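Structural characterization, general
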Amino acid sequence: MEIIRRYVLSGYWIKLARWVPVYTDESQRLAVMSIGFLLDNRNSAVVWRGPKKTAMVKQFLTDVCWGELDYLIIDTPPGTSDEHISVMENLKQVKCDGAIIVTTPQQVSIEDVRKEITFCRKTGITILGIIENMSGFVCPHCTECTNIFSTGGGESLAELSKVTLLGSLPIDPRVGQLLGKAAVKELPDSPCAKVFKEIVNKLGAT
Amino acid sequence: MSTVVEKPKSIPEHCPGTQSDNAGRASACAGCPNQQICSTGPKTPDAGIQLVKDRLEQVRYKILILSGKGGVGKSTVTALLTRTLASQDPERNVAVLDIDICGPSQPRVLGVLDEQVHQSGSGWSPVYVEDNLSVMSIGFLLSSPDDAVIWRGPKKNGMIRQFLSEVDWGKLDYLLMDTPPGRSHWSHYCDNTTSRALLDVRKEIDFCKKVKVDVLGVIENMSVFACPCCQRLSEIFPATTGGAKQMCKELDVPFLGSLPLDPRIARCCDEGKDFVTALPNTPAVKALNDIVTKLVETCERKLNK
């Protein structure tokens, strides 16, 4: 449901015999599918146990008409539970190119993410790399950089797990405010946009 | 004599369970070989629920800490609230039940990472952080930090049920339950101020109303950041739709308070140190004390109703 707010998406009709994803603009180069589209109103909670969630994940993987795609990125909830197991089970016949692990610099976050790495290894997913998010905040008033959520976690995790650190994204309040617009287009000179481009280049080379 | 209907091998995908009130009557039951037995047979009360009730009888206030979203600082806030409750009154007995089965953070955050849980005739003993503060977490049962709990819902629910029915807390005033983000296992919120986090908190509030759990209030975490160099304030996660206060007004739930960002909190959590007693004069601890005072008043008012 996080994805739905990044793009302006009100009032799209998506249900046909199979599901058509929602395109962010006329070029139709970026499509989104989310359960967020299926809720009547934004306050409605999805209160489902495992079997129903598993069935929904399966439907999203088998019933959406993506058309020809270069990249399909699957955003998962935190943890190592029904949704993750379901995705892996349903992708058994399909080549999953890999997983990107996102962490913050804190030890508390690293501790959780180590388990995510274990999940990937147990289920045979290649780990493409780690992205460290919320890595430092540059004060807009005095340019002092503060490590609000500690520092160095991404690097130490990458070293510990022998996984590539793809990049470290600093906190930039302007990115959160974009809501529907691309950071790389609207803030091309921001540290975030630069790091995103580097990450994508590294992934393309893999 | 009571009978328990055993599930047939080919159960429907969304079987409500043979002990459920909907057994035999749900739409998923159509075509199941046990449908008639389930719909007509006598229902036995779930023995597990009674065990949980018995176990938690000596706990005065049981509080769930929920957030629809990951990354809002729920585990941190749970630990801070617990520390504040314990430090405000040494006679007050407080505990944390960490039921984030996939990502148990409380052992580290409370500084008891290497402790072990012991089992006795009266159940599992929680780990004591202070004389009046204890904690139970699946984190204590994992042999290595890399061990992942890769379980589907039913097995996780079983573990949660075990925690609720088998931990010997003794007499407690407050039991705070740190939950995983989302609602599939459940039913005090914690949210960032951006509209995305709030959207998920709205769903969480909706969930509580659906399952009839009282919303004691919303805590807005990471509200502002004071630069340690120039002391000026920045909104790192800007409130694009009026923030938590506005949302609370709309949804008619109490707003307990805002916690500012303080890098020392993250450091203390990583090191398992007690931020509340180490830095009592910080804006964050002052805010925590106000929040806990409001929470205690709300709980006592509800009990006395």
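Residues numbered from 1 in each chain as written. Chains lettered and ligands numbered in written order. Predicted model: local features only at pLDDT ≥ 70, side-chain atom pairs only at ≥ 80, totals over all residues. Heavy atoms only, no water.

**A few points about the overall build of chain B**
- When you go through chain B residue by residue, the secondary structure sums to 10 helices and 12 strands.
- The buried share of chain B, reckoned over its 305 residues, is 54%.
- Roughly 14000 Å² of accessible area belongs to chain B as shown, and the carbon and sulfur atoms make up 49% of that amount. (Helix = DSSP H or I, 4+ residues; strand = E, 2+ residues; numbered from the N terminus. Buried < 20%, exposed > 50% of the residue type's maximum accessible area, 1.4 Å probe, protein only. Areas by Shrake-Rupley, 256 points an atom, 1.4 Å probe, with all protein chains shown as cover.)

**Focus: the packing of helix α3 (residues 107–123) of chain A against helix α4 (residues 153–161) of chain A**
Residue and element names in this part refer to chain A.
- At a minimum axis distance of 10 Å, the contact between α3 and α4 shows a crossing angle of 35°. The hand of the α3/α4 crossing is right-handed. Judged by residue contacts, Q107, I110, V113, R114, I117 and R121 of α3 engage G153, G154, S156, L157, L160 and S161 from α4.
- In the contact of α3 with α4, the residues fall into 5 nonpolar, 5 polar and 2 charged. (Axes fitted to C-alpha atoms, helices over the stretch in contact; angles between N-to-C directions. Left-handed = near helix turned anticlockwise from the far one by under 90°. Contact = heavy atoms within 4.5 Å. Nonpolar A, V, L, I, M, F, W, Y, C, P; charged D, E, K, R; others polar.)

**Section: the domain arrangement of chain A**
Residues and elements named next belong to chain A.
- Annotation of chain A at the domain level lists domain 1 (1–96) and domain 2 (98–206).
- Taken together, both faces of the contact between domain 1 and domain 2 bury some 810 Å²; the carbon and sulfur share is 61%.
- Linking domain 1 with domain 2 are 1 residue pair in polar contact (both at pLDDT 80 or more).
- Tallied by class, residues from the side of domain 1 that touches domain 2 come to 6 nonpolar, 3 polar and 2 charged. (Domains from an automatic or database assignment. Buried area = accessible area lost by both parts, 1.4 Å probe. Polar contact = N/O pair within 3.5 Å; in protein donor to acceptor, adjacent residues only side chain to side chain.)

**A look at the confidence of the model for chain B**
Residues and elements named next belong to chain B.
- Mean pLDDT over chain B stands at 81; residues scoring 70 or higher make up 81%.
- Scored below 50 in pLDDT, residues 185–195 shows 72 contacts in the model against residues more than four places distant or in partner chains.
- Model confidence for the complex: the whole-complex pTM is 0.78, and ipTM, which rates the interface, is 0.73. (pLDDT = per-residue confidence, 0-100.)

**Regarding the sheet that holds strand β7 (residues 165–168) of chain A**
Residues and elements named next belong to chain A.
- The strand order β3-β4-β7 describes an open sheet built from 3 strands, whose pairing is parallel. Every interior strand has two partners, whereas the edge strands, β3 (99–103) and β7, have only one. On average, each strand axis in the sheet is tilted by 20° relative to the strand beside it, whichever way the strands run.
- In the sheet, β3 pairs with strand β4 (residues 127–132) via 5 bridges, with the strands oriented parallel. Opposite T103, over in β4, you have E132 as the bridge partner.
- α3 rests against β3 and β4 of the sheet, and its axis sits at about 170° to β3.
- Here helix α7 (residues 191–205) sits on the sheet and contacts β3, β4 and β7; the angle it forms with β7, its principal contact strand, is near 170°. (Pairing = 2+ DSSP bridges.)

**Some details on the nonpolar core**
Residue and element names in this part refer to chain B.
- In this structure, L81, L97, M136, F163, W169, Y174 and L175 are the most contacted members of the largest nonpolar core, which totals 74 residues.
- Looking at this core element by element, the count peaks at 9 residues for helix α10 (residues 283–304).
- Beyond its immediate stretch of four places on either side in the chain, L175 contacts L56, V59, Y61, K62, I63, A95, V96, L97 and W169. (Core = buried A, V, L, I, M, F, W, Y, C linked by side-chain atoms within 4.5 Å.)

**Observations concerning the packing of helix α2 (residues 82–90) of chain A against α3 of chain A**
Residues and elements named next belong to chain A.
- In contact at an axis separation of 12 Å, α2 and α3 are set at 25° when each is read in the N-to-C sense. Relative to α3, α2 is oriented roughly parallel. Here α2 and α3 pass one another in a crossing that is right-handed. Of the residues in α3, those in contact with H84, I85 and M88 of α2 are E116, F119 and T123. (Parallel < 35°, antiparallel > 145°, perpendicular 65-115°, else oblique.)

**Considering the sheet that holds strand β2 (residues 94–98) of chain B**
All names here are of chain B.
- If you walk across this open sheet you meet the 5 strands as β1-β7-β2-β6-β5, and the pairing is mixed. Where the open sheet ends on each side, the last strands, each with one partner, are β1 (59–65) and β5 (127–130). In this sheet, adjacent strand axes meet at a mean angle of 25° when their direction is disregarded.
- Sheet strands touched by helix α3 (residues 74–88): β1, β2, β5, β6 (133–137) and β7 (172–178). Its angle to β7, the strand with the most contacts, is close to 170°.
- Packing against the sheet, helix α5 (residues 153–166) makes contact with β2, β6 and β7, and its axis sits at approximately 160° to β2.

**Describing the state of the cysteines**
All names here are of chain B.
- One pass over the structure, following the stated rule, counts 0 disulfides over all chains.
- Just so you know, C268 is unpaired, no disulfide at all, and the nearest cysteine sulfur is the one on C269, 7.1 Å from it.
- Left unpaired, C299 is separated from the closest cysteine sulfur, that of C208, by 14 Å.
- Classification of C299 by relative accessible area gives buried; the value is 4%. (Disulfide = S-S within 2.5 Å.)

**A look at the interface of chain B and chain A**
- Contact with chain B, which involves 56 residues of that partner, is made by 53 residues of chain A.
- Summed over both sides, the interface between chain B and chain A buries roughly 4900 Å², with carbon and sulfur atoms accounting for 57% of that surface.
- Here chain B and chain A share 1 salt bridge between them.
- Its salt-bridge partner being E111 of chain A, residue R108 of chain B comes within 2.8 Å of it at the nearest N-O pair.
- Between chain B and chain A we count 6 residue pairs in polar contact (both at pLDDT 80 or more) in total.
- Broken down by secondary-structure element, the contributors of at least two residues to the side of chain B that touches chain A are α4 (106–109), α5, α6 (195–210), β11 (233–234) and α8 (263–271) of chain B.
- For the side of chain B that touches chain A, the leading source of residues is α6 of chain B, giving 9 residues.
- Taken together, the residues of the side of chain B that touches chain A break down into 28 nonpolar, 10 polar and 18 charged. (Salt bridge = Lys/Arg side-chain N within 4 Å of Asp/Glu carboxyl O.)

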